[in-house]
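Letter by letter, the chains look like this.
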Amino acid sequence: AFVRKRDQEMKPCDLNAIVQETLGLFEGMVRRAGATVTVDLAEALPVVLADKVQIQQVLLNLFQNALEAMKEAAPQKRLSIATRREGDAVVLSVSDSGAGLTEAVATRVFEPFFTTKPEGLGLGLALCKTIMEAHQGHLEAAPREGGGTVMTVRLPMEGRS
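Residues numbered from 1 in each chain as written. Predicted model: local features only at pLDDT ≥ 70, side-chain atom pairs only at ≥ 80, totals over all residues. Heavy atoms only, no water.

Student: Any chance you could break down the overall build of the protein chain for me, citing the residues and the numbers?
Tutor: Broken down by element type, the protein chain carries four helices and seven strands. Contacts in the protein chain between residues at least 24 apart in sequence constitute 71% of all its contacts with a sequence separation of at least 6. Summed over its atoms, the accessible surface of the protein chain is roughly 9100 Å², and 50% of this surface lies on carbon and sulfur atoms. (Helix = DSSP H or I, 4+ residues; strand = E, 2+ residues; numbered from the N terminus. Contact = heavy atoms within 4.5 Å. Areas by Shrake-Rupley, 256 points an atom, 1.4 Å probe, with all protein chains shown as cover.)

Here it is, written out as structure tokens:
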């Protein structure tokens, strides 16, 4: 389902359930990386209208990028995932304890073919941003206080797009 081209299937979704399911797919990578994952999912989070598979693609990309960012830079590899409600939006943040983003990189990180990875194509975050825009949502990157990066996904609550 992740790799085949298909029409977007927008349905009411529980973002917390998508996060938990995606983390299940990601468990092996976390163990191999020696990372610690902290999950703080808000209770009674409103439903979002989303294509579940596309949101999982975004999350897998963000989780993988966070692990890769921590590979060399972080003595303690910490990945934090949290959800919350903010006004008419449901917000997911993915924070890592990696090297972080410079201002120059932060301004270009969503450009197609821009990459800081030696073997990267520079398409992952550009695709994620496109998926979020198709959901009337947003994807942002910012330095994390204390080092690392915070990627923030904002999706409108169902009926608020």
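What follows picks up the thread again.
Student: Break down helix α1 (residues 15-33) for me, citing the residues and quoting the values.
Tutor: Given a rise of 1.5 Å per residue, 19 residues ought to cover 27 Å, and the 25 Å separating the end C-alpha atoms of α1 matches this to within 8%. Of all the bends found along α1, the most pronounced is centred on Phe-26 and spans about 50°. Put simply, Asp-14 is the residue that caps the front of α1, since its side-chain oxygen is 2.9 Å from the backbone nitrogen of Asn-16. (Expected span 1.5 Å × (residues − 1). Bend = angle between axes of the 7 residues up to and from the residue. Polar contact = N/O pair within 3.5 Å; in protein donor to acceptor, adjacent residues only side chain to side chain.)

Student: Would you mind going over helix α4 (residues 124-134) in detail, with residue names and values included?
Tutor: Along α4, the residues classified as buried are Leu-125, Ala-126, Cys-128, Ile-131 and Met-132. One or two positions beyond α4, positive phi appears at Gln-136, with a value near 55°. (Buried < 20%, exposed > 50% of the residue type's maximum accessible area, 1.4 Å probe, protein only.)

Student: Which residues make up the packing of aromatic side chains, and what values do they have?
Tutor: One pass over the structure, following the stated rule, counts one aromatic pair. Ring geometry for Phe-26 versus Phe-63: centroids 5.2 Å apart, planes at 55°, classification tilted. With a gap of 37 residues between them, Phe-26 in helix α1 and Phe-63 in helix α2 (residues 52-73) connect regions that are remote in the sequence. Residue Phe-26 shares its accessibility class with Phe-63, and that shared class is buried. (Phe/Tyr/Trp six-rings, centres within 6.5 Å; stacked < 30°, edge-to-face > 60°.)

Student: Can you lay out the pattern of salt bridges for me, pointing to particular residues and giving the numbers?
Tutor: Under the defined criterion, the tally for this structure stands at seven salt bridges. In this structure, the salt-bridge partner of Arg-31 is Glu-27, at a minimum N-O distance of 3.8 Å. Linking Arg-31 with Glu-27, this pair stays in helix α1, spanning four residues, or about one helical turn. According to the relative accessible area criterion, Arg-31 is exposed, its value standing at 61%. With relative accessibility at 47%, the residue Glu-27 sits in the partly exposed group. A salt bridge links Arg-154 to Glu-86; the shortest N-O distance between them is 3.1 Å. Taken together, the residues Arg-154 in strand β7 (residues 149-156) and Glu-86 in strand β4 (residues 78-86) connect sequence positions 68 residues apart. We classify Glu-86 as partly exposed; its relative accessible area is 34%. Residues joined in a network through salt bridges with shared partners are Arg-84, Glu-86, Glu-140 and Arg-154. (Salt bridge = Lys/Arg side-chain N within 4 Å of Asp/Glu carboxyl O.)

Student: Lay out the environment of Asp-7 in plain terms, naming residues and giving numbers.
Tutor: Mapped onto the secondary structure, Asp-7 falls in the segment before β1 (11-13). The spatial distance from the C-alpha of Asp-7 to the C-alpha of Asp-51 is 9.5 Å, given a sequence separation of 44 residues.

Student: An account of the environment of Thr-107 is needed here, citing residue identities and associated values.
Tutor: Mapping Thr-107 onto the fold places it in helix α3 (residues 103-108). Counting along the chain gives 34 residues from Thr-107 to Ala-141, while the straight-line C-alpha distance between them is 8.8 Å.

Student: Would you mind going over the pairing of β7 in detail, with residue names and values included?
Tutor: Counting buried residues along β7, seven of its eight residues qualify, which places the element largely inside the surrounding structure. The pairing of strand β5 (residues 89-96) with β7 spans eight bridges and is classified as antiparallel. When the bridges of β7 are listed, Val-91 appears paired with Arg-154. Two strands pair when backbone bridges link them, and strand β6 (residues 138-143) and β7 are joined in this way by six bridges, in the antiparallel orientation. Residue pairing across strands places Pro-143 opposite Thr-149, the latter belonging to β7. (Pairing = 2+ DSSP bridges.)

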